[in-house]
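# Structural description and commentary
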Amino acid sequence: MSDKKYEWLFAGVVCLQAGAWILIPYFTLPNPPIDVLEGFVWSQNIALGYHKGPPLFAWLLGLGDALLPGSLLPPLILSQMAIVATYWAVWRLAKHLLGPRDALAVLGLTTTVYYFGFPSPEFNPIILQMALSAITCSFYYTALIENRQRDWFIVGLAVGIGVLSRYSIALYLLPMAIFTLLHSETRWRWLTPSFAAGAVIATAIAAPHAWWVLQNELSPLHYIDQRADVIEGAGRLLRPLRFAGAQLAALAPALIVFILAILPLYRSPPVYAGSAKLPPLSRNYLIAIAIAPALIVIVMAIILGRQPRAMWGAGLWIFTPLLGVALLREFSFAIYRRRLMAIWVVVFALPVVAFVIAMTLWPTLSGRNKRTHFPGPALAETVTQRWHDMTGRPLTYVVGEMWLAGSTGYYSSDRPQVFQNGSQHEAPWISLNHLKSCGAVVLFHASADRERFAKIFTELGMRYEEQPAIQLPKPRFAVASGAFTVGWAIAWPSEDAIPSAEASCARQSRLQKIVLALKMKTGRPV
């Protein structure tokens, strides 16, 4: 088979991946996942960072929302673009090391890793980091071997942008740096002008966010520290092993395909020629990027006494299938490619079918809804219309926890600012003076939230009136649940501010909101 045909097969696999995981969630997800809502809320204010992490995730969601407001398509497309970019980077490195035939086998195995399937419709910083880590590792290898200026520039771009996506890209940078220093044939590359230029590019891209982190008292790092549960005693060893077990489960589909594809069920596999084996430098590099990132997480968890969450491992196994196929050459095994294709079709289809069942049949079978079985569009339409009827003005602010307020902001035709939990720590760009001028809708489930919000707005000097609860129709595929009853209240605009607030409280484009937020930051009148 010619190299061109392998390229077409690669294109077919990635198109199948992207098509399946865009179209099926688009027609079955009733509401955006929580990470998408959170990124959307952050994107209402373009900043160099947010209290939970770097800004690129929010910037991209903001761009998607500006193009297709209130649609599920932008986050689904962004997620699969990141997945496809990851596949391309793995494919590129695999072709360089193994040739196109085995690179196709690597691609097939990679697509069966759990993290590239069922969770992939939920666009989040981890998925974004996967793509940038993969591009960094792929081009870093060819930059080391061939010392091409273009490759070093791409590495610099990928590292800099990667820092803007998620700090866990460092889990790849550290073993790559150690690998480089341990090998005499690569160590000198760091002394070249091309490497220096790449380092300058990465620093220039990441520096503004680093400055923001310092200016905001390292708030993203404090958030990460809070998210990782403290473990003590025997748990220091046992609970990181639980994380390792979760990662093994995520790799299980790929391992099953891998084993079944190499077993000599009815004939002995051919022996690879010695020249087909990877040189030690290439093999060691693959070990560094395929295994070391996960080992670093486990060792750090034991030393620091912190429990890593299972999904934090999603970006750690990008190159493990590539390492597995490369090691086959070391032990003179071969892959039965037709068998691999047949098994791959089944294993690839399983998470797709499972997703359809989870979104359509699971609520009826179990009597419980998935979190995304929430009538966000109906809530937004109801709240916006009631606000219009009672105030005669556009809805400028909606206040509440992320699921309620975020869904309303995402789908409301007025595109209101979301004031998450009424907390300026979580939404520091919200001007309380402007909110007092425009008023707000407050949404809640729990009685504790109702009392807390009443206190917040009373202390602001706003008239706070709780309204009869909203009864929402259940979305398609969902079962009836109390979650579809939402409490709400109106924080009325301050009467003395109403005459001067009409213009600034009118419905605004995303660009107008950004300009307004900048004016608020610089203290200029709004």
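### A look at the pairing of strand β5 (residues 440-444)
Counting buried residues along β5, 5 of its 5 residues qualify, which places the element largely inside the surrounding structure. Burial of β5 is two-sided: the residues Ala440, Val442 and Phe444 facing one way and the residues Val441 and Leu443 facing the other way are all buried. Note: strand β3 (residues 397-400) against β5, 2 bridges, orientation parallel. Directly across from valine 399, in β5, lies its bridge partner valine 442.

### Overview of the environment of isoleucine 456
Residue placement: isoleucine 456 occurs in helix α21 (residues 447-459). Distance from isoleucine 456 to glycine 422, taken between C-alpha atoms, is 7.6 Å for residues 34 residues apart in sequence. For isoleucine 456, the contacting residues outside a window of four places in its chain are Asn421 and Gly422.

### Thoughts on the side chain of serine 133
Considering the arrangement of structural elements, one finds serine 133 in helix α6 (residues 125-146). Excluding residues within four positions of it along the chain, serine 133 makes contact with Ile169, Tyr172 and Ile318.

### Describing the confidence of the model for the protein chain
Averaged over every residue, the pLDDT of the protein chain is 87; residues scoring 70 or more account for 89%. Confidence over residues 268-275 falls short of pLDDT 50; this stretch has 13 contacts with residues more than four positions distant or in other chains. Below a pLDDT of 50 lies the segment residues 498-503, which in the model reaches 4 contacts outside its immediate sequence neighbourhood of four places, other chains included.

### Observations concerning the packing of helix α4 (residues 73-98) against helix α5 (residues 100-111)
Helix-helix packing: each pair is described by the crossing angle between the helix axes and the interaxial distance. Two elements in contact, α4 and α5, have axes separated by 8 Å at closest approach and are oriented at 145 degrees. Seen along the crossing, α4 lies across α5 with a hand that is right-handed. Facing Tyr87, Val90, Trp91, Ala94, Lys95 and Leu98 of α4, the residues of α5 in contact are Pro100, Asp102, Ala103, Leu104, Val106, Leu107, Thr110 and Thr111. Residues belonging to the contact of α4 with α5 are distributed by class as follows: 10 nonpolar, 2 polar and 2 charged.

### Thoughts on the environment of glycine 233
Of note, glycine 233 is situated in the loop between β1 (229-230) and α12 (235-262). What makes glycine 233 exposed here is its relative accessible area of 56%. Placed 72 residues apart in sequence, glycine 233 and glycine 305 show a C-alpha to C-alpha distance of 8.9 Å.

### Observations concerning the sheet that holds strand β7 (residues 485-491)
With mixed pairing, 5 strands are arranged side by side in an open sheet as β4-β3-β5-β7-β6. The sheet is open, and its two edges are formed by β4 (417-420) and β6 (464-471), each paired on a single side. Averaged over neighbouring strand pairs, the angle between their axes works out to 25 degrees when direction is ignored. One ladder, built from 5 bridges, connects β5 with β7; its direction is antiparallel. By the bridge assignment for β7, valine 442 is matched with alanine 489. Along the sheet, helix α18 (residues 376-391) makes contact with β5, β6 and β7, crossing β6 at roughly 140 degrees. In the packing of helix α19 (residues 402-411) onto the sheet, the strands contacted are β3, β4, β5 and β7, and the crossing angle to β3 comes to about 160 degrees.

### Some words on unusual backbone geometry
Positive phi outside glycine occurs at glutamate 217, with the angle close to 55 degrees. Turning to its location among the elements, glutamate 217 is positioned in the loop between α10 (193-215) and α11 (219-227). Judged by relative accessible area, which is 65%, glutamate 217 ranks as exposed. Phi at leucine 218 is positive, roughly 60 degrees, even though this residue is not glycine. On the secondary structure map, leucine 218 appears in the loop between α10 and α11.

### With respect to the pattern of salt bridges
Per the stated rule, a full pass over the model turns up 12 salt bridges. Of the charged contacts, one joins glutamate 38 and lysine 52 as a salt bridge, the two residues approaching to 2.5 Å between their closest N and O atoms. Here glutamate 38 is found in helix α2 (residues 34-43), whereas its partner lysine 52 is found in the loop between α2 and α3 (56-67), with 14 residues between them in sequence. Residue glutamate 38 is classed as buried on the basis of its relative accessible area of 10%. Aspartate 102 serves as the salt-bridge partner of arginine 101, at 4.0 Å between the closest nitrogen and oxygen. Overall, the relative accessible area of 2% leaves aspartate 102 in the buried class. Members of the salt-bridge network, linked through shared partners, are Arg92, Glu146, Arg148, Arg150 and Asp151.

### Describing the packing of helix α8 (residues 170-182) against helix α14 (residues 292-304)
Where α8 contacts α14, the axes come no closer than 9 Å and their chain directions differ by 110 degrees. With respect to α14, the axis of α8 lies roughly perpendicular. Packed against α8, whose contacting residues are Leu171, Tyr172, Leu174 and Pro175, the element α14 presents Ala292, Pro293, Ile296 and Val297 at the interface. Of the residues that constitute the contact of α8 with α14, the class distribution is 8 nonpolar, no polar and no charged.

### Quick look at α8
A turn of α-helix holds 3.6 residues, and therefore any two residues three or four places apart point the same way. Helix length check: α8 (13 residues) gives 18 Å between terminal C-alpha atoms against 18 Å at 1.5 Å per residue, within 8%. Residues of α8 that are buried sit in contact with α6, α9 (184-187), α13 (280-290) and α14.

Reading the values: the criteria
- All residue numbers here refer to positions counted from 1 along the written sequence of the relevant chain.
- With pLDDT at 70 or above as the cut-off, local features in this predicted model cover only qualifying residues; side-chain atom pairs require 80 or more to be listed or tallied, and sums for whole chains, interfaces and linings still use all residues.
- As a rule here, side-chain values come from all non-hydrogen atoms in the structure, and water together with hydrogens is ignored.
- Burial classes follow relative accessibility: with a 1.4 Å probe on protein chains only, a residue under 20% of its type's maximum area counts as buried, one over 50% as exposed, and anything between as partly exposed.
- Think of it this way: any DSSP run of H or I at least four residues long counts as a helix, any run of E at least two long counts as a strand, and we number them from the N terminus.
- Two strands are said to pair when DSSP picks up at least two bridges between them.
- Contacts between residues were defined by any pair of non-hydrogen atoms, one from each residue, lying within 4.5 Å.
- Scored between 0 and 100, pLDDT is the confidence that the predictor attaches to each residue.
- To define axes, lines are fitted to C-alpha atoms, for helices over the stretch in contact only, and angles between the resulting N-to-C directions are given on a 0 to 180 degree scale.
- In this scheme the handedness of a crossing depends on how the near helix is turned from the far one: anticlockwise by less than a right angle means left-handed, clockwise means right-handed.
- Classes in brief: Ala, Val, Leu, Ile, Met, Phe, Trp, Tyr, Cys and Pro nonpolar; Asp, Glu, Lys and Arg charged; the others, Gly included, polar.
- In what follows, salt bridge is the name for a side-chain nitrogen of Lys or Arg lying within 4 Å of a carboxyl oxygen of Asp or Glu.
- We call two directions roughly parallel when the angle between them is under 35 degrees, roughly antiparallel when it is over 145, roughly perpendicular when it lies between 65 and 115, and oblique otherwise.
- Expected helix span is computed as 1.5 Å times (number of residues minus one).

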